[in-house]
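# Structural overview
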Amino acid sequence: MSLRKIQSRFPRRKDYIREMLYSVSTMLIFAAVPLLLIYNPEIRPHTKYYTDIRQYGLPWFIAAFFIMLIMHDTYFYWTHRLMHHKRIFPYVHLVHHQSVNPSPWAAYSFNPLEALVEAGIVPVILFPIPITKYHLSLFFLFMIVYNVYGHLGWELYPKGFSKHWLGKWINTSVNHNQHHQYFKGNYGLYFLFWDRIMGTIRPDYDQQFEEVTSQKKELTIVRQL
Ligand SMILES: [Zn+2]
Ligand SMILES: [Zn+2]
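Analysis parameters
Residues numbered from 1 in each chain as written. Chains lettered and ligands numbered in written order. Predicted model: local features only at pLDDT ≥ 70, side-chain atom pairs only at ≥ 80, totals over all residues. Heavy atoms only, no water. Axes fitted to C-alpha atoms, helices over the stretch in contact; angles between N-to-C directions. Helix = DSSP H or I, 4+ residues; strand = E, 2+ residues; numbered from the N terminus. Parallel < 35°, antiparallel > 145°, perpendicular 65-115°, else oblique. Left-handed = near helix turned anticlockwise from the far one by under 90°. Contact = heavy atoms within 4.5 Å. Buried < 20%, exposed > 50% of the residue type's maximum accessible area, 1.4 Å probe, protein only. Donors = N, O, S within 2.8 Å, 3.2 Å for Na, K, Ca; no water. Tetrahedral: all angles 85-135°; square planar, octahedral: opposite > 155°, others 65-115°.

### Some remarks on the packing of helix α2 (residues 57-83) against helix α5 (residues 112-119)
Their axes nearest at 10 Å, the elements α2 and α5 cross at an angle of 150°. The angle between α2 and α5 falls in the class roughly antiparallel. Relative to α5, the crossing made by α2 is right-handed. Residues Tyr75, Phe76, Thr79 and Met83 of α2 form the contact with α5, whose own contacting residues are Glu114, Val117 and Glu118.

### So, unusual backbone geometry
The phi dihedral of Phe183 falls on the positive side, at around 70°, and the residue is not glycine. Here Asn186, not a glycine, exhibits a phi torsion of approximately 60°, which is positive. Locating Asn186 in the fold gives a position in the loop between α8 (173-182) and α9 (193-198). Given the relative accessible area of 0%, Asn186 is considered buried.

### Section: the coordination of the zinc ion (ligand 2)
Taken together, the protein donors to the zinc ion (ligand 2) comprise His96 (NE2), His151 (NE2), His176 (NE2) and His180 (NE2), at separations of 2.0 to 2.1 Å. Geometry at the zinc ion (ligand 2) is irregular, judged from its 4 donor atoms and the angles of 93 to 152° they form at the metal. Here the donor residues of the zinc ion (ligand 2) share one chain and are spaced in sequence as H-x54-H-x24-H-x3-H. One end of the pair, His96, is in helix α4 (residues 94-97); the other, His176, is in helix α8, and 80 residues separate them in sequence. Assessed through its relative accessible area of 4%, His96 is described here as buried. A relative accessible area of 5% means that His176 is categorised as buried.

Shown next as structure tokens:
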């Protein structure tokens, strides 16, 4: 298991504590935003939220999940790049980047302002496209699972994945770990379309992916507690 670890160190205890406290605040904001939009009788009629699956049929019900992921990936990439602007970064995104060596707890370690920006994907989806509570629930579940994987500290995809015809478009834990190590490049969430189109993928991504997955790297696991 340790052979697929991306960085040889473990995060420090104070990192875990900071990450957990900010994660709790993020989860409260993430829960409040959709609830406020759906249960507010003034706002809900302006959204496309619906409750009867038959209203738009099964093909739409399934397609909407994929459309949501593409919309979210696009929203995430561009807001993420904006939050890296030097005038915005210290006030909004710095907390997330205090985790230079991320653990799963770093996934939702956001300044409350950043948590609000991230929760902004809910109105971005809810106003233009018809979705149900099932879409929202599965969407949040998938987002959490994928984001935890992105901050895991270990790579789970197989060797060669970063160069595979399909894998090269999919975000990996090595990719996002590099974003935390170096601060620049690799801004995507689920996919790498935008990073590849905009030329923001790190040139050493494939090399580090190969090193981590081919277990060539000599790792000394040092607990820093
Ligand atoms: Zn960032
Ligand atoms: Zn991150």
